[in-house]
Amino acid sequence: MGMNTMDYRSRLLMNSKKNYLYYTLTFIGLMSLTYGIFALTGKSFIWEGDGLAQHYPILERFYTWLHQGNLAGWSWNLGLGADKVTTFSYYVLGDPFSYLIYFFPKHHLELGYNLLILLRLYSSGLAFMVFARQRHFLSSSQLLGTLAYTFSGFSLYVSIRHPFFLLPMILFPLLAYGIDRVYQGRSWYLLAIVTALALVSNFYFAYILAIGSLVYAILRYLAIRQRLTISLGQVIGRLLGAGLVGFLLAGVLFVPSLLGVLHSTRTTSHFANGYWLYPFNYYLRLPNAFLTTGNPMSFWVNLGMTGITFLACLYILRHFRAYLWLNVGLVTLLIGMLFPAIAALMNGGTTPSQRWLLLGNLLFGLAVMTLCDHLTQLTQQDLMMLSLGTLGWLSLVWAANGFIFSNHPHDFVIYGLLLVMLLVLLSSFGGHWSQQRTLRVIGIVFSLNVITNGYGYFSPNSGGASQQLVPRGIAPKFQTNYYDGAQNYVTAQPGFSRSALSKQYYYANDAKTNMGMNLGTHDVMSYFSVQNGAVGDFSTSVDNAQFKMNKPIIQADSRTTLNNLLGVRYLFARSNQLGIQAFPYGYQPVKRHGKPLVYQDKPVHGLGNSYGTVILQSQNALPLLYLQPNAMTTKSYNRLAAIDREQAMTTAAVVDGTTRQVAHRPYHRRTRHVAYQVTADSSLMIDSFGKLVTYRQQGNQLDPKLVTTAETSLRRHNQDRSVNIQTDKQRLQKLIQQNQRILRQSQRVNQTGVKQLTSDNQNQPITYRLSIKNPRQTRGTELYLALSGIQAKRFTVKDQYRALKHTRIFQNREFTGIERLNQLRRSVWNLSDGAYQLTASSYQNVNTMTQLGQSNLSDYQDKRHVLLNLGYSKEPRRHIKVTFKGVKGISFKSAKLIAVPFGKSYQRQMSSLQQSGLHHLKVQSNRITGNVTTKRATILTTSIPYSTGWSLKVNGRTVSTKRVNVGFVGAELPSGHQQIVLTYQTPGQRVGVVLSVIGLVILAGSSGRVWWRTRR
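Residues numbered from 1 in each chain as written. Predicted model: local features only at pLDDT ≥ 70, side-chain atom pairs only at ≥ 80, totals over all residues. Heavy atoms only, no water.

As recorded by an unreviewed UniProt entry, the chain carries the name Glycosyltransferase and is attributed to Levilactobacillus namurensis DSM 19117.

Visitor: Outline the domain arrangement of the chain, supporting the account with residue identities and numerical values.
Guide: For the chain, the domain assignment lists domain 1 (23-161 + 265-467), domain 2 (166-264 + 990-1015) and domain 3 (674-702 + 726-900). Each of domain 1 and domain 3 has a C-alpha centre, and these two points are 42 Å apart. Listed by partner, the interface residues are 20 residues for domain 1 and 14 residues for domain 3. The interface formed by domain 1 and domain 3 holds zero salt bridges in total. On the surface where domain 1 and domain 3 come into contact, there are seven residue pairs in polar contact (both at pLDDT 80 or more). Ranked by the residues each element gives to the side of domain 1 that touches domain 3, the list is headed by helix 12 (residues 280-289), at four residues. (Domains from an automatic or database assignment. Contact = heavy atoms within 4.5 Å. Salt bridge = Lys/Arg side-chain N within 4 Å of Asp/Glu carboxyl O. Polar contact = N/O pair within 3.5 Å; in protein donor to acceptor, adjacent residues only side chain to side chain. Helix = DSSP H or I, 4+ residues; strand = E, 2+ residues; numbered from the N terminus.)

Visitor: Give a description of the UniProt feature "coiled-coil region" (unreviewed entry) in the chain that names residues and reports values.
Guide: Mapped onto the present numbering, the UniProt feature "coiled-coil region" (unreviewed entry) falls on residues 725-752. A distance of 38 Å separates the end C-alpha atoms of residues 725-752, which is 75% helix and 0% strand. (UniProt positions renumbered as here; feature names shortened; annotations may be inferred.)

Visitor: Which residues make up the nonpolar core, and what are the values?
Guide: Tyr35, Phe88, Ile101, Leu311, Phe446 and Ile615 are the most contacted members of the largest nonpolar core, which totals 189 residues. Domain assignment of the residues forming this core places at least three in each of domain 1 (23-161 + 265-467) and domain 2 (166-264 + 990-1015). Discounting chain neighbours no more than four positions away, the residues touching Phe88 are Ile58, Arg61, Phe62, Trp65, Leu78, Leu93, Met517 and Phe528. Core analysis: the second largest hydrophobic core is formed by 50 residues, Tyr585, Leu616, Ile643 and Val655 among them. (Core = buried A, V, L, I, M, F, W, Y, C linked by side-chain atoms within 4.5 Å. Buried < 20%, exposed > 50% of the residue type's maximum accessible area, 1.4 Å probe, protein only.)

Visitor: An account of unusual backbone geometry is needed here, citing residue identities and associated values.
Guide: Residues other than glycine seldom take positive phi values, yet His136 does so here, at roughly 65°. Turning to its location among the elements, His136 is positioned in the loop between helix 5 (109-133) and helix 6 (139-150). With a phi close to 60°, His593 is a non-glycine residue in the positive phi region. On the secondary structure map, His593 appears in the loop between strand 8 (591-592) and strand 9 (595-596).

Visitor: Can you break down empty space enclosed by the protein residue by residue, with the values?
Guide: Going through the model one piece at a time under the given rule, you end up with eight cavities of 30 Å³ or more. In this structure, the largest cavity occupies an estimated 140 Å³ of space. Lining the largest cavity are 13 residues, with His55, Leu59, Val92, Tyr113 and Arg120 positioned closest to its centre. Elements supplying a minimum of two residues to the lining of the largest cavity: helix 3 (50-68) and helix 5. A breakdown of the residues in the lining of the largest cavity according to their chemical character gives nine nonpolar, two polar and two charged. Here the second largest cavity defines a volume of roughly 80 Å³. Every residue lining the second largest cavity is counted, 13 residues in all, and those nearest its centre are Ala148, Ser152, Thr309, Asn361 and Phe364. For the lining of the second largest cavity, the secondary structure elements donating two or more residues are helix 6 and helix 16 (360-373). Of all the elements, helix 16 adds the most residues to the lining of the second largest cavity, at three residues. Classifying every residue of the lining of the second largest cavity gives six nonpolar, seven polar and no charged. (1 Å grid on protein atoms, 1.4 Å probe; cavity = no way out; pocket = protein on both sides within 12 Å on 5 of 7 lines; lining within 4 Å. Points joined across faces, edges and corners; volume = space filled by probe spheres on them. Nonpolar A, V, L, I, M, F, W, Y, C, P; charged D, E, K, R; others polar.)

The structure is reproduced here in structure tokens:
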């Protein structure tokens, strides 16, 4: 009996080991069939959003640092300058796979990017199989469960969107395995090592994995507590010990990363974006999101279950008591999906993103293995539950769609495969199939399901994700040709300087990419998930309209003084922008032989701007370090308006508290308030019968740009019925009068300035014109529109329904019952989340304020005030056009036009500050040196983002640094000759190294002691 048991266990172990080979072969097959479509589409794995803007350029920069052998310290290529560890730990530093890029030639980085994604995907399956083996499932069940885990909807999606998000899919099964080893009375060392890997991989996922591991540990303990051979105290001690040692081991990366996050722009976000419940349309979309792929995501719900996974979940729910704690986990997961607060807590108290649902894939894998182990034991009641559950779910999808199936055709293929999988189980039961035969057929259907799910993301015929992927070879070409080679001029110039893109350089109002960091231009634009909070404080203090949490500066809104304060000496602009685009004051084209130097366009398919590049240079940009003879307290600074704060920093350095020797200087305002009159442009609004006739004659359109002339009647004297307004005059008159009232009310409210922007009764936004009363006031100035007390009125379902109803009346078209019903469906499914844009156009300039919607999970901030730069011009401005879109209306407490004059006095002030810059300035990665002589005490003022990692020595003596100008490094200096040395070390690095060494000693000592005891 004992021998037979031993033989069975040996065979089981041997079969499970063979599973690694079977998994590898199956993975290669499924991967080839699923990802092989990229060979047909000509696409790379690089997403044109964050993939092109963040992941690829970050990998290239990381590649450079690897070959330089320098991964820590400060880098001037990261926006205004940033710490390498705190910035890149979110992406690559803690990802072991990223280091393999070292072995790829630089011209094959895109290939390396793609292959590393597939390697991570493969490794996630290996990790799950390690976990599954010790659970004693049948080897065939382990294989199918592993494949279901590997090719989950989450993994398929993030592989082409956020590749490093695959890391938690690798680490979570290993953490669970380590916890199980502790419960088995085995070593806790593996758990400690995996915990360390989780902590260094990414602080965000480390947090999610910590909660997931805690929940798993509790549920697993409750499930097996009666079979444990060690006491609860020993279990807790070993788990805590593993966690503590893991934390110590991870210290070298985790401590600096944690400090970076705690002092980042992320700490200002709103809990759950202000949601108590998700919008109603989220709950309507939820049933369809469980199984389908390729549809637009809502709050990052991205399950993409295969049919067998869905049926497995129904099976364990059917046997709730038998799999009690597994079901507790499943029910907890389902409840967590319903409430934004839970998602926000899982995201560290920030946005209600459902990325944490990745943890559910472990549970789903367990459910699949459980079902596969019991295929021959399914009862009639089980199959009835699976059938009713499947049909019930499809009915729920139908009802949530508004009692129609208006899904993408790809969804029907997925639901068809679910029904086929159910039919396989029914046929197996009815035909008394063997388990081997059943698993073989399930494997075939499952493979088709995986490939279909993958095509939801990868095929242009199935979903939108594929359309957003960059063609092969384009990313490296775009990186090289980003400035058309104009960076060569900038990098050849002596001294340290920064650069920025002009507005609309790539036909976008703001830049959203890190391409500049690999070209040596010191572009102030940076797009990282972790940004220095001090830079964010500076940007928000001056009301930079472009500020976002992960892009705090962007182009500094092309503001003259803001660019000069940041030391932006060069602007890159399209060659056709000269003479038609307003640039900041003092920025003049670089010339050669008396003509602007133009770098010919180097086209990049689908990404270029089709024009060459010119460089504009400022003579007013301040050096990296200079001396301010005057100071201003933060309290005085905060009393100023945002536009005055920016100008005040050119006359005095803003410092906290008082200074011992530097005099405080009050700021005398230079800005001018410009009076204007508001007029609503009703040209596109149907507010008379004459306009209605024109509207119908022009193909139901008043906008001359969109007019399509309606076909004239065949009979010359026969009035066209569509143009005839006599048939429905009463209703038409009522709507026309309603628009007239909207106009009168708007004009009344806006008599003393813009207080309200509104829409007509077709929900068409009304354009407003601000006519400047004294245009001469704006000559030689930079003009701003300052808006405060902003409130937006979202479209309701009723608004959207009525708008279409009114449009049909104006068009003399019937608003049928089915169209009414469909409009209600669309309105409910597309509820407004408050996202809108407000655009102000002036002479040679267009600027847009973007309010991201409440459902935005990266940068949502409710903007109550904004300062829009309308550009500098020598010529007087007479009119400002204001438009908006996305909401029904916007109201303001105040809307002011402010002019900032620029001229010789400004140039003299900036020249004076430039002359106070350090002599023999030498800027290196972690060290800045220079000297200066002054006759009186001054404030050392810099545009170096503030960090406690910077230390200052003056004439060999350590001098404490302080924040100056809200977000930068500075110090108070005495008079006389000063030798300045600034050095940088990552905050927390020393402590982290010490903790890691302690962790290694404890781990080595503990494992050595166990080895010695075992040997004896």
